[in-house]
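A closer look at the structure
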Amino acid sequence: MAGDILFNKIAFIGIGLIGSSLARVIRRDGLAGSIVACARTEQTRQTALDLDLADSATGDVAEAVNDADLIVLCTPIGAYGAIAKQMSAALKPGAIVTDVGSVKRSVIEAVTPHLPPGVHFVPSHPIAGTENSGPEAGFDSLFEDRWLVLTPEPGTDEVAVEQVAELWRRTGSKIERMDPDHHDQVLAITSHVPHLIAYTIVGTATDLEDRLKSEVVKFAASGFRDFTRIAASDPVMWRDIFLNNKDAVLEMLGRLTEDLSGLQRAIRDGDGDGLEALFARTREIRRSVIEAGQHIPPTPPGGDASDD
Ligand code: NAP
């Protein structure tokens, strides 16, 4: 319902694609009394103000969280620990800290030690995104019909969890609660390893000698095109994801490597039946994805669709 204030003051620490998309919904529906945006660069702070995503902007984390009821961490996850340390002393009792990071266990480990007693941490991850970055890249329909995973530790204040869940419900997200380790394993195979494969294929193509490289770009309309879109995702964000979800990604990569070796052998041995059986099985998976309504990625106005 428009004008239904859920939090008096919300502080965004980082206001790029994800933070600005959430801020757009909060502004559109009047869900906060005021918003403060915190970003490193003057350019991002000014853009956030120009786009009316926030009432004020600062580069000082402690100043941003002062008197805030909800703090949303929206930077690459590698910065979370330092940010949590900077905001620690300025957090007011009863404040809720949440985040949007793509990995959950390491985020909990980086943030929790810095939070004073009486401050609630409700980690979250919107499974929605595009390969674009910055406050201009956001749009208010990004989270519609997408999953939002909450991974609070046992014993987290349930009222705080519900307040964060309600905010995400207002974006049109479907809410799921998960153990953080389980989240990291699921995302390793559904998102992180696929991104790694895209980075690898596009990197391999880039390393090919010049003539072949131009043919690769020229004929990119086949499967390669989708890989180039995924491989255009933010380098810092993805660096941090792999560094922070090491165990789950390495485990899934191990399995993938074994399966790839099996496929190599099937091709070498001319095992057509084996190849066809696998491809028939994967086609079924695609059907289940369509049935679950997860086949259409969010599309920015006038842009390419993607997902995280
Ligand atoms: P983004 O568009 O690149 O925005 C990042 C924001 O964080 C910017 O406002 C930037 O400010 C600030 N920032 C960057 N490095 C910082 C640092 N070291 N210290 C303080 N502030 C810093 O990123 P995004 O795509 O919104 O991603 C943000 C988070 O969402 C990540 O943790 C990511 O894992 C998660 N996520 C992303 C997606 C996706 O598809 N993109 C999907 C789901 C979740 P300046 O511009 O001033 O540097």
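Scroll up to find the structure.
Below or above, wherever it landed, is the structure these notes cover. (Residues numbered from 1 in each chain as written. Predicted model: local features only at pLDDT ≥ 70, side-chain atom pairs only at ≥ 80, totals over all residues. Heavy atoms only, no water.)

Considerations on the site of the ligand
- In the vicinity of the ligand there are 28 residues, among which Thr-41, Thr-44, Thr-75, Ser-102 and Gly-134 approach most closely.
- Contacts to the ligand include Thr-44, whose side-chain N or O atom sits 2.6 Å from an oxygen atom.
- Between the ligand and Thr-130 there is a distance of 3.4 Å, counted from an oxygen atom to a backbone nitrogen or oxygen.
- Its free accessible area being 900 Å², the ligand has 87% of it covered by the protein chains.
- Put simply, the ligand lies in the second largest pocket.
- When the residues that make up the shell around the ligand are grouped by side-chain class, the tally is 14 nonpolar, twelve polar and two charged. (Near = heavy atom within 4 Å. Polar contact = N/O pair within 3.5 Å; in protein donor to acceptor, adjacent residues only side chain to side chain. Areas by Shrake-Rupley, 256 points an atom, 1.4 Å probe, with all protein chains shown as cover. 1 Å grid on protein atoms, 1.4 Å probe; cavity = no way out; pocket = protein on both sides within 12 Å on 5 of 7 lines; lining within 4 Å. Sits in = over half its atoms within 2 Å of the grid points. Nonpolar A, V, L, I, M, F, W, Y, C, P; charged D, E, K, R; others polar.)

A closer look at the sheet that holds strand β4 (residues 70-73)
- Strand order in the open sheet formed by six strands is β3-β2-β1-β4-β5-β6, with parallel pairing between adjacent strands. Edge positions in the open sheet fall to β3 (56-58) and β6 (120-122), since each of these has one partner strand only. Taken over all neighbouring pairs, the strand axes of this sheet differ in orientation by 20° on average, direction set aside. (Pairing = 2+ DSSP bridges. Helix = DSSP H or I, 4+ residues; strand = E, 2+ residues; numbered from the N terminus. Axes fitted to C-alpha atoms, helices over the stretch in contact; angles between N-to-C directions.)

Concerning unusual backbone geometry
- A positive phi angle is found at Asp-52, which is not glycine, with a value near 55°.
- Inspection of the secondary structure assignment puts Asp-52 in the loop between α2 (42-50) and β3.
- Residue Asp-52 is classed as partly exposed on the basis of its relative accessible area, which comes to 46%.
- Within the chain, Asp-145 stands out as a residue other than glycine whose phi angle is a positive 65°. (Buried < 20%, exposed > 50% of the residue type's maximum accessible area, 1.4 Å probe, protein only.)

Remarks on helix α10 (residues 235-244)
- Within the sequence span of α10, burial applies to Trp-238, Asp-240, Ile-241 and Phe-242.
- Residues of α10 that are buried in the fold lie against α7 (180-207) and α11 (246-268).
- With a side-chain oxygen lying 3.3 Å from the backbone nitrogen of Val-236, the N-terminal cap of α10 falls on Asp-234. (Contact = heavy atoms within 4.5 Å.)

Some remarks on the layout of surface pockets
- Estimated volume of the second largest pocket: approximately 1000 Å³.
- Gly-14, Gly-16, Cys-74, Thr-75 and Pro-76 are the residues nearest the centre of the second largest pocket, which is lined by 45 residues in total.
- Looking at the lining of the second largest pocket, the elements with two or more residues in it are α1 (17-29), α4 (80-87), β7 (124-126) and α10.
- Residues that form the lining of the second largest pocket fall into these classes: 21 nonpolar, 19 polar and five charged.
- Counting contributing residues, the lining of the second largest pocket receives three or more from each of domain 1 (7-179) and domain 2 (182-291). (Points joined across faces, edges and corners; volume = space filled by probe spheres on them. Domains from an automatic or database assignment.)

Everything listed here is a matter of geometry and, on its own, says nothing about what the molecule does.
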